[in-house]
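Examination of the molecular architecture
Listed below, chain by chain, are the residues.
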Amino acid sequence: MLLAGDDHDIVTDYRMFGLVDGSARDLPGPPGKAGLSVGETAVFLGTEDDVIRARLRVEFWDEPAPFDGREWPRVEDVTLSLPSGRLVIDQNTAGGAVLEVPGGPGRYRVRLAWRELPFDEVGEGEPEALGLAQLWPATSGTG
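Keep in mind the model is a prediction, meaning the values are calculated, not measured.

What counts as what
- Residues numbered from 1 in each chain as written.
- Predicted model: local features only at pLDDT ≥ 70, side-chain atom pairs only at ≥ 80, totals over all residues.
- Heavy atoms only, no water.
- Helix = DSSP H or I, 4+ residues; strand = E, 2+ residues; numbered from the N terminus.
- Rg over C-alpha atoms; globule rule 2.2 N^0.38 Å.
- Buried < 20%, exposed > 50% of the residue type's maximum accessible area, 1.4 Å probe, protein only.
- Contact = heavy atoms within 4.5 Å.
- Areas by Shrake-Rupley, 256 points an atom, 1.4 Å probe, with all protein chains shown as cover.
- Lys, Arg positive; Asp, Glu negative; His and termini not counted.
- Charge placed at Lys NZ, Arg CZ, Asp CG, Glu CD.
- Pairing = 2+ DSSP bridges.
- Axes fitted to C-alpha atoms, helices over the stretch in contact; angles between N-to-C directions.
- Phe/Tyr/Trp six-rings, centres within 6.5 Å; stacked < 30°, edge-to-face > 60°.
- Lys NZ or Arg CZ within 6 Å of the ring centre and 35° of its normal.

1. Re the overall build of the chain
Check the secondary structure of the chain and you find 0 helices and 10 strands. Its helices and strands taken in sequence order, the chain reads β-β-β-β-β-β-β-β-β-β from the N to the C terminus. Expected size for 143 residues packed as a compact globule is a radius of gyration near 15 Å; at 14 Å, the chain falls within 12% of this value. Of all 143 residues assigned to the chain, the portion counted as buried reaches 44%. In the chain, 75% of the contacts between residues at least 6 apart in sequence involve partners at least 24 apart. Within the structure as shown, the chain displays about 7,300 Å² of accessible surface, and the carbon and sulfur contribution to it stands at 48%. Taken together, the 13 basic and 25 acidic charged side chains of the chain have centroids lying 3 Å from each other.

2. Quick look at the side chain of His8
One can find His8 in strand E1 (residues 2-10). Classification of His8 as buried rests on a relative accessible area of 15%. Beyond its immediate sequence surroundings of up to four residues, His8 is in contact with Ala54, Arg55, Leu56, Val58, Ile89 and Leu99.

3. Re the sheet that holds strand E10 (residues 129-137)
Spatial ordering of the open sheet is given by E1-E5-E10-E9-E6, a layout of 5 strands whose pairing is mixed. The sheet terminates laterally at E1 and strand E6 (74-82), the two strands that pair on one side only. This sheet shows a mean twist of 20° between the axes of neighbouring strands, independent of strand direction.

4. Focus on the sheet that holds strand E7 (residues 86-90)
With respect to topology, 5 strands assemble into an open sheet ordered E3-E4-E2-E7-E8, the strand pairing being antiparallel. Edge positions in the open sheet fall to strand E3 (36-38) and strand E8 (96-100), since each of these has one partner strand only. Averaged over all neighbouring strand pairs, the angle between strand axes comes to 15°, with direction disregarded. Examined bridge by bridge, E3 and strand E4 (residues 42-46) share 3 bridges and lie antiparallel to one another.

5. Quick word on the pairing of E4
Buried residues dominate E4, accounting for 5 of its 5 residues. Burial along E4 is two-sided: the residues Ala42, Phe44 and Gly46 and Val43 and Leu45 are all buried. Relative to E4, strand E2 (residues 16-21) is paired through 5 bridges, and the arrangement is antiparallel. Directly across from Gly18, in E4, lies its bridge partner Phe44. Hairpin geometry of E3 and E4 is characterised by an intervening segment of 3 residues between the two adjacent antiparallel strands.

6. Some remarks on the packing of aromatic side chains
The tally for this structure, following the rule as stated, stands at 1 aromatic pair. For the ring pair Phe17 and Trp114, a centre distance of 5.4 Å and an interplane angle of 40° mean the geometry is tilted. One end of the pair, Phe17, is in strand E2; the other, Trp114, is in strand E9 (residues 106-116), with 97 residues separating them in the sequence. Note on accessibility: Phe17 and Trp114 belong to one class, buried. A cation sits over an aromatic face here: Arg115 above Trp72, 5.0 Å from the ring centre.

Interpretation in functional terms is not warranted from these geometric data alone.
In structure tokens form, the structure reads like this:
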């Protein structure tokens, strides 16, 4: 069951953004262009370009989240430890947003999906890319 979900406007500064535990100190290195960098308490997703206007949907589930991958050309699945019970959307020099994890501290499966939109399909003020982050307890079902 979906516990919480919200959209966040983000910037992919230095061609990346991250999901990081609120108490993380030892972060993985940069992912490189369109790469992935995973540590115990953080994941950084590299993007093809810096995106000034992206929209990231963050969802917290109590079981493996349903997902239709047809809309998402890029999908990554990782496991993160979130000992603080807080998740930070890390935008490097563009700042970040702190979210309370509804399930509290623990280990979580994280599905990250990303797609950049064709330039000619982006209206003025609309996002240039869309992202999805779905989190659920690592001990739930097939997660």
